[in-house]
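Observations on the three-dimensional arrangement
Below, each chain spelled out in residue letters.
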Amino acid sequence: ALGYLPQDSGLYTNFTAFDFLDYVAILKEHTDRRARHDEVRRVLEELSTRRAHQGFSSSETALFVFSLKQRVIARLRTSIKDADSLASLSWEAGLLIDRIGLFTTEVFQRGREEVIARQQDEMLELSTPVITLWEGVLALPVIGTLDSARTQVVMENLLQRIVASGAGIAIIDITGVPTVDTVKV
């Protein structure tokens, strides 16, 4: 990070197309082309990831990026008077912003997939409660399907609680499991 943008988490929530263009203009004055490219990608990745984690939709994130077209073309109109040059540069700018939009959508999707994976892990942890019945006796009620991933989590949680509590007895209640694959369990 080149440090022109503060790293505070609220920044990307209120970050506008104007802010982004101003930021790129600052970068142009202070960095070489490769550094600008890397920094713009970093900002777009951060923007997309934070918006994904904050619950924005992919459409809302894409609309932010696509709103840049209007701003860029407006700036081009004020600085370029030749119609052919303006048309050519507007087209190129539109294509560039489309690619940026696709990039941010891909990053956004990765961010949402991270959120979903984390939530799945948390739900898996919650779905395997180990309960202390009496001193030295634990119970693990299991409801639903026991696939290999869930079986591994169930066993890890149970073994951790056995070690932590020093329990000598562990009861695994599988009456809520519709079918038991004896090869996996």
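Residues numbered from 1 in each chain as written. Predicted model: local features only at pLDDT ≥ 70, side-chain atom pairs only at ≥ 80, totals over all residues. Heavy atoms only, no water.

1. Observations regarding helix H3 (residues 33-53)
Rule in force here: Helical segments are the DSSP runs of H or I of at least four residues, strand segments are the runs of E of at least two, and each set is numbered from the N terminus. Expected span, for any helix, means 1.5 Å times one less than how many residues it has. Think of it in three bands: with a 1.4 Å probe and only protein chains considered, a residue is buried below 20% of the maximum accessible area for its type, exposed above 50%, and partly exposed in between.
The terminal C-alpha atoms of H3, which comprises 21 residues, lie 30 Å apart, in line with the 30 Å expected from a rise of 1.5 Å per residue. Three or more residues of H3 are buried, namely Glu39, Val40, Arg42, Val43, Leu44, Leu47, Ser48, Arg50, Arg51 and Ala52. One or two residues past the end of H3 sits Gly55, with phi positive at roughly 95°.

2. Looking at the nonpolar core
Put simply, the rule is: To define a nonpolar core, start from buried Ala, Val, Leu, Ile, Met, Phe, Trp, Tyr and Cys residues and group those joined through side-chain atoms within 4.5 Å. Note on contacts: a residue pair qualifies if any of its non-hydrogen atoms lie within 4.5 Å across the two residues.
Core analysis: the largest hydrophobic core is formed by 19 residues, its most contacted members being Phe20, Leu44, Val65, Leu68, Val72 and Leu76. For Leu44, the contacting residues outside a window of four places in its chain are Phe20, Ile100, Phe103 and Thr104. By size, the runner-up hydrophobic cluster in this structure holds nine residues, among which are Val130, Leu146, Val154 and Ala167.

3. Things to note about the sheet that holds strand E1 (residues 131-134)
As a reminder of what qualifies: Two strands qualify as a pair provided DSSP detects at least 2 bridges between them. Every axis in this analysis is a line fitted to C-alpha atoms, fitted for helices over the stretch in contact. Angles between the N-to-C directions lie between 0 and 180 degrees.
With mixed pairing, the three strands of this open sheet are ordered in space as E1-E2-E3. The open sheet has two edge strands with one neighbour each: E1 and strand E3 (169-176). Strand-to-strand twist of the sheet, defined as the mean angle between neighbouring strand axes without regard to direction, takes the value 35°. Note: strand E2 (residues 137-143) against E3, six bridges, orientation parallel. Paired with Ile143 across the two strands is Gly176, which belongs to E3. Where helix H6 (residues 148-165) meets the sheet, it contacts E1, E2 and E3, and its direction lies at approximately 165° from that of E2.

4. What about the pairing of E1?
By the bridge criterion, three bridges tie E1 to E2 in an arrangement that is antiparallel. Opposite Trp134, over in E2, you have Val137 as the bridge partner.

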